[in-house]
Amino acid sequence: MEWATTTLALYGTGAAALATSVLTLRRRLDLSQAKHRSLAGHARMARRLAAFVPFYDYDEARFFSSDGAPAEIAAQRRAGFERLSALYRTRFAETIRRTAEAAADISDLQFTGAYRVPFQYSRYVRAHLPAAAFVQSSDGVTLTDLDGNRAYDLSGSYGVNLFGYDFYKDAIERGAARARALGPVLGSYHPAIIENVKLLKEISGLDEVSFHMSGTEAVMQAVRLARYHTQRSHLVRFCGAYHGWWGDVQPGIGNPLPAHETYTLEDLSEQTLRVLRARDDIACVLVNPLQALHTNASAPSDSALVDSSRRARFDKATYGDWLRRLRAACDERGIVLIFDEVLVGFRLARGGAQEYFGVRADLVTYGKTLGGGLPIGVVCGRGELMKRFRDDRPADICFARGTFNAHPYVMAAMNEFLRHLRTPEAQACYRDLDRIWDDRAARLNERLRAEALPLEIANLSSIWTVCYTLPCRYNWMLQYYLRAEGLALSWIGTGRLIFSLNYTDDDFAAVADRFVAAARAMRLDGWWWHNPALTNKSIKRTVLKEMIARRLFARDDRREH
Ligand SMILES: Cc1ncc(COP(=O)(O)O)c(C=O)c1O
C-alpha cells in the first residue's frame, strides 16, 4: 500500500513537472513568436552580430561606383561631389573650422560626425563635406550659422521646438525674471510649480506629477514605479521604439550590457497580446506613439540608409485600435500602461497622444518642449502608482530624487509654456493641425512625383521622414544637397524632419522649393542612376559579402575594393 502511494506520488510529481515544463516551453515559444522578424526585434542577437561587423571603407574610385555604375556616371557624381565640397568650404568656412577644432575635445561631436552616413562612405564624406555644428542665432523658422548663412530649420531641436524659437526665448526670459529673486535654490520649490502641477493634471487627466531632468530620467522613474507597485520584473518595449538611453529601454545595439529584464515585442501583433495575457512577470508596457509612423522599425537615421528599404506610413485608425486592444490586455493582467510622450506630447494635440488616439495610459512621460526651452522630464500618473512608499511597510520604498529636479528656472519657463497652451493663439495652432501638415506633405509628394524624383514623404503630423522609392546606395547624399539649399537638418539627416508649428504657408513653400531643387541637383549629379538589376536585396547582399570578405581577409590598409 505504502509502495503504491509512493509510486503514485512519484507519478504525480513527474506529471506536474512535465506539465510545468510544457507550460514553460509554451511560454518561451509564445515569447519568441511575439518578436518581430527583423534584427531590431532581436535585441540580443543584434548586439552580438554588431560586434562582428568589421570596419572597412571605400577608396575614392569605389566611393563613386559602389553600385556598379559605369565610368561616366561615376565621373558625373565626382564632379557633383567636388562642386558641393567647394561650396561647403567657402560658404560654411568659419562654421566648419570651429566645428573641426571643437570636435577634438567634444566626444558627442565625434560620434555624430562619424554616423551621418553609412560607415563605408563616412571617412571620405567627412574629409570633403565636413559637418558644421555651430549656429549663432535663431529667428522665426530659421537658424544662422557662424558664416551668416540663414537656413530653414527642419531639425526642430530634437522636437523641443514646437511653437518657434522666439516663443521659447521669451518663455526663458520671462521665466528667468520670475525666478530671479529665488535663484538656483533647490530642495524648496518656486511657487510656479503649483500651477504647473494643476495644468499638467488637467492636460494628462492623471492625479499626480513628478519632475525630473530629462526624458530618459522620466522613463526610468515610470518603469521603476511600475515595477515597485506590480512587484514584477519585466518591461515590454516595442521593436524599434526609442525611450532614451537608459540601459533597460535600450537592450540592443548601443548598450554594452544586455538588458535581462526587458522584452522587445512586435507592435500591432496578436502574438504580443497573447504574451501579455499569458505571462506573470510583466510590470509595464512602454509605448512611444511615434512608432505609429514607422512601426517595428528603429529611428530612421541616414547612417542606416544602405539601400532604399526605409518604409514609413501612418494610419491613425489602425494604430488607435491597437492602443485600445493593448489597453484592454493591460487591464486584464494588471500591467501598467505607460505612454512615453517625451517627443509627441503637446505636438499631436494639446492633450498629446492620449487625446489624439483616444486612449488613456496609467503613467505618461513628458519632456522636451514642456520645459519652455529648458531641460525637463515629467511623469504624470494615477495616484496609487505614483506613491513611493508603503504605509504598512515603511522600509519598502521606491527611491527617486535628483538634485536639479523642479529647478526654479525650469519651473518658471515651464509655467510660461503651460500658460501659453491656454491662449487662443496656441489653441489656433492645434486646430486643423493634421490637415495642415498632411496637405503640405501631400503637395510636396505631388511635386516629387510630377518630376519623377525617387522620394516620398511620410508624416505623423509635423514629424516627417523621407522614404526613397528607387533601390539606391546613395540616398544619404540628399542631406548634403538639402543643406546646400539652405535647409538645416539634425545629425540623423533625412530620417527625421521636425517642423515647428509657426511655419507659415509661405515658409513652407520656400522649404518645398528648396527640397525639390536639392533633389533635382542630386539627380543631375547622377546619384540616382539606376541599373534595373539593382534591388534593395541585392544591395544588402553586396554589403554582407563585403563584410564577410573583410572579416575573412582583413588587410591593414582598411580599404575594400
Ligand atoms: C520618446 C522619447 N523618450 C525619451 C527620450 C529621452 O529624452 P531625453 O533626450 O530628454 O533624455 C526621447 C528623446 O528623444 C524620446 O523621443
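This text follows the structure it describes.
Throughout, a residue's number is its position along its own chain's written sequence, starting from 1. Per-residue local features are limited, in this predicted model, to residues with pLDDT of at least 70; the limit for side-chain atom pairs, both in listing and counting, is 80 or more; totals at the level of whole chains, interfaces and linings are taken over all residues. With hydrogens and water set aside, each side-chain value is computed from the structure's full complement of heavy atoms.

**Thoughts on the site of the ligand**
No. 1: Ser214, Gly215, Thr216, Tyr242, His243, Gly244, Asn288, Asp340, Val342, Leu343 and Lys368 make up every residue found near the ligand.
No. 2: A distance of 2.6 Å separates a nitrogen atom of the ligand from a polar side-chain atom of aspartate 340.
No. 3: For accessible areas, the Shrake-Rupley method is used with a probe of radius 1.4 Å. Any residue's cover is judged against the shown protein chains and nothing else. In the complex, 82% of the free accessible area of the ligand, which totals 390 Å², lies under the protein chains.
No. 4: Just so you know the grouping, Ala, Val, Leu, Ile, Met, Phe, Trp, Tyr, Cys and Pro go in nonpolar, Asp, Glu, Lys and Arg go in charged, and all remaining residues, Gly too, go in polar. Classifying every residue of the shell around the ligand by side-chain character gives three nonpolar, six polar and two charged. The rule for a residue being near a molecule or strand is that one of its heavy atoms must lie within 4 Å of it. In protein, a polar contact means a hydrogen-donor-capable atom and an acceptor-capable atom, both N or O and within 3.5 Å, with residues adjacent in sequence counting only if both atoms are side-chain atoms; elsewhere, any N or O pair within 3.5 Å suffices.

**Some remarks on the state of the cysteines**
No. 1: Working definition: a disulfide is two cysteine sulfur atoms within 2.5 Å of each other. According to the stated counting rule, one finds zero disulfides in the structure shown.
No. 2: With no disulfide partner, cysteine 284 has as its closest neighbouring cysteine sulfur the one in cysteine 330, 9.0 Å distant.
No. 3: Exposure categories follow from relative accessible area, calculated using a 1.4 Å probe and restricted to protein chains: below 20% of the type maximum is buried, above 50% is exposed, and the middle band is partly exposed. Residue cysteine 284 is classed as buried on the basis of its relative accessible area of 0%.

**Description of the packing of helix α8 (residues 165-179) against helix α15 (residues 408-421)**
No. 1: Lines fitted to C-alpha atoms define the axes, with helix axes restricted to the stretch in contact, and inter-axis angles between N-to-C directions lie between 0 and 180 degrees. Comment: elements are numbered from the N terminus, with helices defined as DSSP H or I runs of at least four residues and strands as E runs of at least two. The N-to-C vectors of α8 and α15 enclose an angle of 130 degrees; their axes lie 8 Å apart at closest approach. With respect to each other, α8 and α15 are oriented oblique. Classified by chirality, the crossing of α15 by α8 is right-handed. Where α8 approaches α15, its residues Phe167, Tyr168, Ala171, Ile172, Arg174, Gly175, Ala176, Arg178 and Ala179 are matched on the opposing element by Pro408, Tyr409, Ala412, Ala413, Asn415, Glu416, Phe417, Arg419 and His420. Working definition: roughly parallel below 35 degrees, roughly antiparallel above 145 degrees, roughly perpendicular at 65 to 115 degrees, and oblique for all remaining angles. Whether a crossing is left-handed or right-handed is set by the direction in which the near helix is turned from the far one by less than a right angle, anticlockwise for left-handed and clockwise for right-handed. Residues are treated as being in contact if the distance between any of their heavy atoms lies within 4.5 Å.

**Describing the pattern of salt bridges**
It is possible for side chains bearing opposite charge to pair when their charged atoms get close.
No. 1: Salt bridges, as used here, are contacts in which a Lys or Arg side-chain nitrogen is within 4 Å of a carboxyl oxygen on Asp or Glu. Within this structure, the stated rule accounts for 38 salt bridges.
No. 2: Aspartate 525 is paired through a salt bridge with arginine 83; the nearest N and O atoms lie 3.4 Å apart. Here aspartate 525 is found in the loop between α19 (505-524) and α20 (536-552), whereas its partner arginine 83 is found in helix α4 (residues 71-91), with 442 residues between them in sequence.
No. 3: We classify aspartate 525 as buried; its relative accessible area is 6%.
No. 4: The salt bridge partner of aspartate 362 is arginine 327, with a shortest N-O separation of 3.0 Å. Remark: arginine 327 occurs in helix α12 (residues 316-333) and aspartate 362 occurs in the loop between α13 (352-357) and β10 (363-367); sequence separation between them is 35 residues.
No. 5: Arginine 327 gets classed as buried once you look at its relative accessible area, which sits at 14%.
No. 6: Bridged by salt links that share partners, the residues Arg327, Asp331, Asp362, Arg382 and Glu384 form one connected network.

**Re the sheet that holds strand β3 (residues 142-144)**
No. 1: An order of β2-β3-β4-β16 is seen for the four strands of this open sheet, with the pairing classed as mixed. Each end of this open sheet is capped by a strand with a single partner; those strands are β2 (137-139) and β16 (487-488).
No. 2: Two strands are counted as paired when DSSP detects at least two bridges linking them. Across three bridges, β2 lies against β3 in antiparallel orientation. Residue serine 138 lies in a different strand from β3, and its bridge partner there is leucine 143.
No. 3: Contacts between α8 and the sheet are confined to β2, β3 and β4 (150-153), with β2 contributing the most and set at about 110 degrees to the helix.
No. 4: Along the sheet, α19 contacts β4 and β16; its crossing angle with β4, the most-contacted strand, is approximately 105 degrees.

**Focus on the sheet that holds strand β14 (residues 455-460)**
No. 1: With respect to topology, three strands assemble into an open sheet ordered β14-β15-β17, the strand pairing being antiparallel. Each edge of the open sheet carries a strand with a single partner, namely β14 and β17 (497-498).
No. 2: Alignment of β14 against strand β15 (residues 463-468), held across six bridges, turns out to be antiparallel. Bridged to leucine 455 within β15 is tyrosine 468.

**Description of the nonpolar core**
No. 1: To form a nonpolar core, buried Ala, Val, Leu, Ile, Met, Phe, Trp, Tyr and Cys residues must be joined to one another through side-chain atoms within 4.5 Å. Formed by 128 residues in total, the largest nonpolar core has its most connected members in Phe346, Leu478 and Phe515.
No. 2: Top element by residues in this core is α19. It accounts for nine residues.
No. 3: Once residues lying within four places of it in the same chain are set aside, the contact partners of leucine 478 are Leu455, Val466, Tyr468, Thr494, Phe515, Ala518, Ala519, Met522 and Trp528.
No. 4: Core analysis: the second largest hydrophobic core is formed by 20 residues, Val223, Leu235, Leu363 and Leu385 among them.

**Comments concerning the pairing of strand β9 (residues 336-340)**
No. 1: Here β9 lies mainly inside the structure; five of its five residues are buried.
No. 2: Because side chains alternate across β9, one face comprises the buried residues Val336, Ile338 and Asp340, and the other comprises Leu337 and Phe339, equally buried.
No. 3: With the strands aimed away from the viewer, a crossover counts as right-handed if its path from the first strand over the helix to the second runs clockwise. With α12 bridging strand β8 (residues 282-287) and the parallel β9, this β-α-β connection has right-handed handedness.
No. 4: Two elements, β9 and β10, share three bridges in a ladder whose sense is parallel. Bridge pairing in β10 links isoleucine 338 to leucine 363.

**Looking at a nonpolar patch on the surface**
No. 1: Residues Leu544, Ile548, Leu552 and Phe553 make up a contiguous nonpolar surface patch of about 450 Å² in total accessible area.
No. 2: As for its placement among the helices and strands, isoleucine 548 is situated in helix α20.
No. 3: With relative accessibility at 45%, the residue isoleucine 548 sits in the partly exposed group. Surface patches are defined over residues having more than 30% relative accessible area and no salt bridge, joining like charges when they lie within 9 Å and nonpolar side chains (Val, Leu, Ile, Met, Phe, Trp, Tyr) when within 5 Å.

**Topic: helix α5 (residues 93-103)**
No. 1: Where α5 is concerned, the buried positions are Thr95, Ile96, Thr99, Ala102 and Ala103. Burial along α5 is one-sided: seen end-on, the buried residues are contained in an arc of 130 degrees.
No. 2: Turning to α5, the residues buried within the fold contact α4 and α6 (107-114). In this description, one arc is meant: the one made by directions from the helix axis to the C-beta atoms.

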